[in-house]
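Below are the chains, spelled out letter by letter.
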Amino acid sequence: MLAQKDDIFEETSEEIYNLSQDDVARYWCQMREEGERILRTYKSLMKEKDAIIAEKDSSLAEKDSMIAMLQAKLAEYEK
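These remarks concern the structure in this document. Keep in mind the model is a prediction, meaning the values are calculated, not measured.

The rules behind each value
- Residues numbered from 1 in each chain as written.
- Predicted model: local features only at pLDDT ≥ 70, side-chain atom pairs only at ≥ 80, totals over all residues.
- Heavy atoms only, no water.
- Salt bridge = Lys/Arg side-chain N within 4 Å of Asp/Glu carboxyl O.
- Helix = DSSP H or I, 4+ residues; strand = E, 2+ residues; numbered from the N terminus.
- Buried < 20%, exposed > 50% of the residue type's maximum accessible area, 1.4 Å probe, protein only.

Per the counting criterion, the structure on display carries three salt bridges. Between Asp23 and Arg26 there is a salt bridge, with the nearest N and O atoms lying 2.7 Å from each other. Within this pair, Asp23 and its partner Arg26 are both found in helix α2 (residues 7–78), separated by three residues, close to a single helical turn. With a shortest N-O distance of 3.2 Å, Glu36 and Arg32 are connected by a salt bridge. Taken together, the residues Glu36 and Arg32, both in helix α2 and four residues apart, mark about one turn of the helix. The class of Arg32 is exposed, set by a relative accessible area of 59%.

Set out below in structure tokens:
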């Protein structure tokens with residue numbers, strides 16, 4: 001075959017193979033970076049969510065305390 005006899009075809013095919021391998025490596029690097037970006041965003045959103053939940057828990061604890069105090073006063077008045 002012509003390709004077997006000519007080094008230019010072999011060198012060209014090797015170069016094309018190497019370039020395509022570079023594209024594959026670049027693709028996987030980009031996908032890894034994208035995955036890390038998504039993970040950072042997710043962690044940031046989870047921190048915000050946790051802060052909101054903590055704030056609401058604190059508010060509920062204050063209201064529970066107020067209810068307990070009012071129930072105690074009501075029980076005192078009922079005596």
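Having seen the model, we can carry on.
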